[in-house]
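For reference, the chains in residue letters:
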Amino acid sequence: MNAKRPFKRTLEAAPLKRFPATAGQCPPTGCRSADRLPADDGARWFQVWIDADRSETGAVQGVVTTMVETTEQKRREQTLKALLREVSHRSKNLLAIIQSIATQTGRYSGSIDDFLTRFRGRLQSLASSQDLVTSSNWRGAALRELVSGQVGRYGADPMHSLRFRGANPYLNPNAALHIGLAMHELAVNSVSYGALSRSDGFVEVTADLTAASAGEPALSLTWAEVIGANDNQRSEKRFGSVALERVVPTSLNGTATLEITGNRLEYRLVVPHGNFETD
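Rules behind the numbers
- Residues numbered from 1 in each chain as written.
- Predicted model: local features only at pLDDT ≥ 70, side-chain atom pairs only at ≥ 80, totals over all residues.
- Heavy atoms only, no water.
- Phe/Tyr/Trp six-rings, centres within 6.5 Å; stacked < 30°, edge-to-face > 60°.
- Lys NZ or Arg CZ within 6 Å of the ring centre and 35° of its normal.
- Pairing = 2+ DSSP bridges.
- Helix = DSSP H or I, 4+ residues; strand = E, 2+ residues; numbered from the N terminus.
- Axes fitted to C-alpha atoms, helices over the stretch in contact; angles between N-to-C directions.
- Buried < 20%, exposed > 50% of the residue type's maximum accessible area, 1.4 Å probe, protein only.
- Arc of directions from axis to C-beta.
- pLDDT = per-residue confidence, 0-100.
- Contact = heavy atoms within 4.5 Å.

Draft legend 1. How the structure looks around the packing of aromatic side chains. Taken as a whole and assessed by the stated rule, the structure comprises 1 aromatic pair. A cation over an aromatic ring shows up here: Arg139 above the ring of Tyr170, its NZ or CZ 3.9 Å from the ring centre. The lysine or arginine in question, Arg163, covers the ring of Phe202, its NZ or CZ lying 3.6 Å from the ring centre.

Draft legend 2. Spotlight on the sheet that holds strand 7 (residues 203-211). Judged by pairing direction, the sheet is mixed, and its 5 strands sit side by side in the order 5-7-8-10-9 without closing on themselves. Strands at the two margins of the open sheet, each flanked by one partner only, are strand 5 (162-166) and strand 9 (255-261). On average, each strand axis in the sheet is tilted by 15 degrees relative to the strand beside it, whichever way the strands run. Pairing between strand 7 and strand 8 (residues 217-226): 9 bridges, direction antiparallel.

Draft legend 3. Main features of helix 4 (residues 143-152). Taken together, the buried positions of helix 4 are Leu143, Leu146, Val147, Gln150 and Val151. The buried residues of helix 4 all sit within an arc of 120 degrees when viewed along its axis, so they share a single face.

Draft legend 4. Spatial organisation of the confidence of the model for the protein chain. In this model, the protein chain carries a mean pLDDT of 81, and residues with pLDDT of at least 70 account for 80%. Mean pLDDT in the protein chain bottoms out at helix 1 (residues 5-13), which sits at 37, and peaks at strand 6 (residues 170-171), which reaches 96. Below a pLDDT of 50 lies the segment residues 1-24, which in the model reaches 23 contacts outside its immediate sequence neighbourhood of four places, other chains included.

Quick look at the structure:
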């Protein structure tokens, strides 16, 4: 009896609808309702059946009430709905990114074959970043793991081709996709014209947390490498440079610079704290 007292008090705090034991109030199959009651740990859900207790002559002589708690089922349904809304939202964002990439890639491609090669590479980059986001239950991705994954797809020996130093913040999903795209563009350019085109070449990626005007730290990400002295392609305007200098920083409310001095290429991206966590 003691175990039932808390439940009894809950019913008293939020009484259920009462059905009088008279004929005509419920259909022959009985009354059924779904009720939500307040509780200390949130709402509790119940399915309630109220059936007439009839005599042999068919007269109503009372009611039979059955109550089954469905709280866990309701919570699972609410969680599933929230997840589906999140998947829909993120899918639309991802499709918008793909559409932008397709448009810009087509604008800077000289032929259909060139477009397909570049577009496939960028889709694979997005897929790689998306795998990290999905495996974290949509939380995002660690910066070091993201950079290693993108550079490792092109370096013969990832342990040698990438030298990562500094902080390792956790990027939110949007930042993971766009920074992953930036790392992809830099890696592809490096394999074609820069340090990764040589067997002994490597790139340096440095991540620093710097003070911002709002008091929260900003992420300063720098990619540096030694490129060929006679690189004639570096001055050509391609989607890679547009993505690095415009698309990525704009999508993250940040800033970016791409500088080539002598035989050194340096890309610096600064993004505000809203794109990552440091805990």
